[in-house]
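Architecture at a glance
Single-letter residue listing:
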Amino acid sequence: MSAVRLGSGAPWEAVVGYSRVVATGDAAWVSGTTATVEGEVVHPGDAAAQTEVALTGIQRALADAGFALGDVVRTRVYVTDISEWEAVGRVHGAFFGDVRPATSMVQVAALIDPAMLVEIEADAVRGAA
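Note that the coordinates shown come from a computational prediction; the quantities given were computed from them, not determined experimentally.

What counts and how
- Residues numbered from 1 in each chain as written.
- Predicted model: local features only at pLDDT ≥ 70, side-chain atom pairs only at ≥ 80, totals over all residues.
- Heavy atoms only, no water.
- Salt bridge = Lys/Arg side-chain N within 4 Å of Asp/Glu carboxyl O.
- Helix = DSSP H or I, 4+ residues; strand = E, 2+ residues; numbered from the N terminus.
- Buried < 20%, exposed > 50% of the residue type's maximum accessible area, 1.4 Å probe, protein only.
- Pairing = 2+ DSSP bridges.
- Axes fitted to C-alpha atoms, helices over the stretch in contact; angles between N-to-C directions.
- Parallel < 35°, antiparallel > 145°, perpendicular 65-115°, else oblique.
- Left-handed = near helix turned anticlockwise from the far one by under 90°.
- Contact = heavy atoms within 4.5 Å.
- Nonpolar A, V, L, I, M, F, W, Y, C, P; charged D, E, K, R; others polar.

**Some remarks on the pattern of salt bridges**
For the structure shown, the criterion picks out 5 salt bridges. Measuring nitrogen to oxygen at the nearest pair gives 3.4 Å for the salt bridge that ties E121 to R76. Within this pair, whereas E121 is found in strand β8 (residues 118–125), its partner R76 is found in strand β6 (residues 72–79), the two being separated by 45 residues in sequence. Taken together, the salt bridges that share partners define one network made up of R76, E121 and D123.

**Section: the pairing of strand β3 (residues 27–33)**
Counting buried positions along β3 yields 5 of 7 residues, so the element is predominantly enclosed. Sheet analysis places strand β2 (residues 21–24) next to β3, joined by 4 bridges and oriented antiparallel. In the sheet register, A23 faces β3, and the bridge partner there is A28. Here 5 bridges tie β3 to β8, and the two strands are oriented antiparallel to one another. Across the sheet, V30 pairs through a bridge with A122, a residue of β8.

**Points about the packing of helix α2 (residues 47–64) against helix α3 (residues 85–96)**
Contact geometry for α2 and α3: axes closest at 8 Å, N-to-C directions at 30°. By the criterion of interaxial angle, the relationship of α2 to α3 is roughly parallel. Crossing of α2 over α3 shows right-handed handedness. Taken together, the residues of α3 that come into contact with α2 (itself represented by A47, A48, T51, E52, L55, T56 and Q59) are A87, V88, V91, H92, F95 and F96. Looking at the contact of α2 with α3 residue by residue, the class counts come to 8 nonpolar, 4 polar and 1 charged.

**Observations concerning the sheet that holds β3**
Spatially, 6 strands are ordered β1-β2-β3-β8-β6-β7 in an open sheet, and the strand pairing comes out mixed. Whereas interior strands pair on both sides, the edge strands pair on one side only; in this sheet they are β1 (4–6) and β7 (102–107). Averaged over neighbouring strand pairs, the angle between their axes works out to 10° when direction is ignored. On top of the sheet, α2 reaches β1, β2, β3, β6 and β8; it is set at about 30° to β8, its chief contact. On the sheet, α3 packs against β6, β7 and β8 and is oriented at approximately 160° with respect to β6.

Structure follows, in structure tokens:
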């Protein structure tokens, strides 16, 4: 069984050497996803809006690999300001309220771009819904 490796075109993928999503069989892993659109960070200063953009990117990456949000079994949410946990959590809940994957939210000192407030990873198993 071979792995499918798909990129999103983000500027860091080629430099760092990673894929947006890697899938093999019934499992998929989505790399840390941020509120980056066409190489630019969007919604600076708005953690909730950045969360929505990141989760939309995860949804798109999963779909490209043949998976859906309902297949997500785990997310990891990295925030630069844990006091924004509720705003970030509400958006996460809007995407995953019925799915209820295992999740963690952790404050980090910084992300790759100072305008980034949120980065999210996701793991999926086809048919987990």
